[in-house]
Each structure stands twice: as C-alpha cells, then as structure tokens.
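Topology and contacts: notes
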Amino acid sequence: PINRDNFPKKSDKEYDVIYHGGLHGKKYVDMLNDMRGFNYRYASLSHGINSLTQQNLMHATNLNLSNDEKFKLISECRISIAHNTFEVRNANDLNNIKGRENWRRNEAWKHVEDLGIVPQFKSRVNEAAASRTLNLIKKDPWNVVEHYYQPDEDFVYYERDEDLKDVIRNILDDWDSYKPMIDRAYAKVSRYTTK
C-alpha cells in the first residue's frame, strides 16, 4: 500500500518510459539498452547498490531522488516497466532454498533452478499506478500482479525481452487508447493505500 499523501499531482507526460530501481541481471541491462532508444528516464541510487547497477550508472538520468521527487518523475512518464520477480543471484541463495524441508512443493520456488527467479510483487507497480503512468509488466510464471490488477484492463504485459522495444513503440504510437487503462489502474491503487 501507498500513503495517499504521496500520490503526485497529475502531470504532463514529458518522457516515454521509465525504470526506477537496480539492475539485477542481463535482462535488466538489455531493458535499459532498449529504453535508451526512447525519451527515457532511468532513476537509481548511487550508493548501497550492486556492481551491475554501478556499472550502468552512466545511463542513469536521475540519481538519489527523494520519494516525492521519484513520484513526480514517474508521473511525467507515459510508461513504467516492472519485473515482478527476484533473481536468485548466487549458489549460497540457491542452497538456502534447497536446504528447506519440502522446498520443491513451494510454488514460489518452482523455477528457482531452471530460471533462477522467484516471485516478488514490486512496489513500483503501485507507484506507477498512483502516478497515472501505464504499467508495462514482464510476464512471468506467477504473474502475482494479477492479484491486484487485470491485464489489458489496468496494465500491459510483454512476454519476451526481445519484444520490449516494439511493445513500447506500439504503445506510444497508440497512446490515447491507453488512457482509460491508466485511469482504471489509478482507481484501483486508490483503494490500495495505507488508510
């Protein structure tokens, strides 16, 4: 949930697409490279971050934003990209999961060996909805976003990393048709508040 006081005022859309957060694997770097072909924003921290994020800070357009500054920036973007998964980054993490009794029966760990990911609903989805920004979500085996929002009603999926650039372009080319989707997501996130 988000504090309703943090919802930004409605803003004119100055930028095409945003990702805010760390880069946690090759798919994130590829995503950033695809975004750079548009009028993009990439917001990150410059401290307490992993080495891959550090290596790509040269592409960051905004660093160390306050929460209010981050919300304002998101509200100025048409599209926000999110991956609702967490990458299992090393053998130690994997061994911690495998060391649990009956770990294979846990649906969250179903793809930890083959894909190296587990589900994690990202707060950036609610932040984008509260900012009246279209959520573009990477489809994954769990799709936990669907517990809160409906695909093609409140947000858009993209399935393959190599399709991201075309999906962004298609959305931008038909931007007005996505405005009702943004309004529906905003109405839903208005119910998902700390109140």
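Reference entry: report on the structure contained in this document. (Residues numbered from 1 in each chain as written. Predicted model: local features only at pLDDT ≥ 70, side-chain atom pairs only at ≥ 80, totals over all residues. Heavy atoms only, no water.)

**Things to note about the sheet that holds strand S1 (residues 15–20)**
Stated precisely, the cut-off is as follows: Paired strands, in this sense, are two strands between which DSSP finds at least two bridges. Secondary structure elements follow DSSP: runs of H or I no shorter than four residues count as helices, runs of E no shorter than two count as strands, and numbering proceeds from the N terminus.
Strand order in this open sheet of six strands is S3-S2-S1-S4-S7-S8, and the pairing throughout is parallel. Strands with a single pairing partner mark the edges of an open sheet, and in this sheet they are strand S3 (62–63) and strand S8 (156–158). Where strand S7 (residues 134–138) lies against S8, three bridges are found, and the strand directions are parallel. The residue of S8 that forms the bridge with Leu-136 is Val-156.

**Side note on unusual backbone geometry**
The cut-off we apply is this: Only protein chains enter the calculation, and the probe is 1.4 Å; a residue is then buried if its accessible area is under 20% of its type maximum, exposed if over 50%, and partly exposed in between.
One non-glycine residue, Asn-64, adopts positive backbone phi at about 55 degrees. Phi at Asp-152 takes a positive value of approximately 65 degrees, unusual for a residue other than glycine. Following the sequence through the fold, Asp-152 ends up in the loop between S7 and S8. You can call Asp-152 exposed: its relative accessible area is 59%.

**Some thoughts on the nonpolar core**
As a reminder, the rule being used: For our purposes a nonpolar core is just a set of buried Ala, Val, Leu, Ile, Met, Phe, Trp, Tyr and Cys residues, chained together by side-chain atoms within 4.5 Å. The contact definition used throughout considers only heavy atoms, calling two residues in contact when any of these lie within 4.5 Å.
The biggest cluster of nonpolar side chains holds 28 residues, and the ones touching the most others in it are Ile-81, Leu-134, Leu-136 and Ile-171. Secondary structure elements with two or more residues in this core: S1, helix H1 (26–35), strand S2 (40–44), strand S4 (77–83), S7, S8, helix H6 (164–173) and helix H7 (179–189). Ranked by the residues each element gives to this core, the list is headed by H1, at five residues. Excluding anything up to four places from it in sequence, Ile-81 contacts Val-17, Ile-18, Tyr-19, Met-31, Met-35, Arg-124, Leu-136, Tyr-158, Leu-164 and Ile-168. By size, the runner-up hydrophobic cluster in this structure holds 15 residues, among which are Ile-2, Phe-7, Ala-130 and Phe-155.

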